[in-house]
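Per-entry structural report
The lines below spell out each chain.
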Amino acid sequence: GEAIRHLPVLLDTVAELRRRFDLSVLLATPRGFYRATAFSKFRERIGALSIQVVEGETPDCIGHADLALAASGTVTVEAAILGTPTVTFYKVTPLTWAVGRRLVKLPFLSMVNLIAERAIVPEFIQDAMTPVNLVQASSELLSNPEAAERMRLELASVRLSLTRAGDPFQFAAECIAEHLNKRARTSNTVGEVPQETIR
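Residues numbered from 1 in each chain as written. Predicted model: local features only at pLDDT ≥ 70, side-chain atom pairs only at ≥ 80, totals over all residues. Heavy atoms only, no water.

**Overview of the layout of surface pockets**
Approximately 1200 Å³ is the volume attributed to the largest pocket. Among the elements of the structure, α1 (2-20), β1 (26-29), α3 (58-63), β3 (68-71), α4 (74-82) and β4 (86-90) are those that each provide at least two residues to the lining of the largest pocket. Take the lining of the largest pocket: its biggest share by element is 8 residues, from α1. Split into classes, the residues belonging to the lining of the largest pocket amount to 30 nonpolar, 9 polar and 3 charged. (1 Å grid on protein atoms, 1.4 Å probe; cavity = no way out; pocket = protein on both sides within 12 Å on 5 of 7 lines; lining within 4 Å. Points joined across faces, edges and corners; volume = space filled by probe spheres on them. Helix = DSSP H or I, 4+ residues; strand = E, 2+ residues; numbered from the N terminus. Nonpolar A, V, L, I, M, F, W, Y, C, P; charged D, E, K, R; others polar.)

Now the structure itself:
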């Protein structure tokens, strides 16, 4: 669903950016995603725009990019940690949007902006997700090194807020190990109960 809603706008955006800048464009996808049925209608246009599809290597793609166009979600946090200037977007079905806007009252929808509690990355949600808006925001970052550097500094503050207590990956690993150890101790304790006490 995301591919069908997002790719037409993104491909129009890339076509216009290609007219303005000398770009190498990558489309980072999960493994096997490009061969999925949802992509079949876009393959020809992706090829015509010389977009290289890279499967299963999203962090590397983002980390080496001058700019990321990223769907609002965890990938934007990944881009922030990697320090890559980013333009975010997202589009859902009109019904989902209508219901969601009634239930969710937040100043931002991008996870990076929510973490920072201020607008760091441009976000274009629903009707605001247009080629014109994406091209304008992207062009500002691609043509203005100072603007891109300002965003990198802002993203560094987000990365710092996420890693202040240490390496988040190490912390996650320790939490998982602690949980597994508790389960193992509980299982061992049950196994050690004398058989005569079990009825």
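Having put the structure on the table, let's press on.
**A closer look at the packing of α4 against helix α8 (residues 145-163)**
The N-to-C vectors of α4 and α8 enclose an angle of 105 degrees; their axes lie 7 Å apart at closest approach. Taken together, the axes of α4 and α8 are roughly perpendicular relative to one another. Within the contact between the two elements, α4 uses V77, A80, I81 and L82 and α8 uses L155, V158, R159 and L162. (Axes fitted to C-alpha atoms, helices over the stretch in contact; angles between N-to-C directions. Parallel < 35°, antiparallel > 145°, perpendicular 65-115°, else oblique. Contact = heavy atoms within 4.5 Å.)

**Re the confidence of the model for the protein chain**
Summarising the model, the protein chain shows a mean pLDDT of 85, and 83% of its residues fall at 70 or more. Within the protein chain, no element has a lower average pLDDT than helix α5 (residues 94-103), which sits at 64, and none a higher one than helix α7 (residues 131-143), at 97. The low-confidence segment residues 193-199 (pLDDT under 50) makes 1 contact with residues lying over four places distant or belonging to another chain. (pLDDT = per-residue confidence, 0-100.)

**What about unusual backbone geometry?**
Within the chain, E117 stands out as a residue other than glycine whose phi angle is a positive 60 degrees. Along the chain, E117 turns up in the loop between α6 (111-116) and β5 (123-125). The exposure class of E117 is exposed, given its relative accessible area of 71%. The phi angle at Q126 is positive, at roughly 55 degrees, despite the residue not being glycine. Relative to the assigned elements, Q126 resides in the loop between β5 and α7. (Buried < 20%, exposed > 50% of the residue type's maximum accessible area, 1.4 Å probe, protein only.)

**Focus: the packing of α1 against α7**
The interhelical angle for the contact between α1 and α7, taken along N-to-C directions, is 40 degrees, at an axis separation of 9 Å. In this view, α1 runs oblique relative to α7, as classed from their interaxial angle. The handedness of the crossing between α1 and α7 comes out as right-handed. Residue-level inspection shows V9, L10, D12, T13, E16, L17 and R20 of α1 in contact with α7, the latter providing P131, L134, V135, S138, S139 and L142. Class assignment for the residues of the contact of α1 with α7 results in 7 nonpolar, 3 polar and 3 charged. (Left-handed = near helix turned anticlockwise from the far one by under 90°.)

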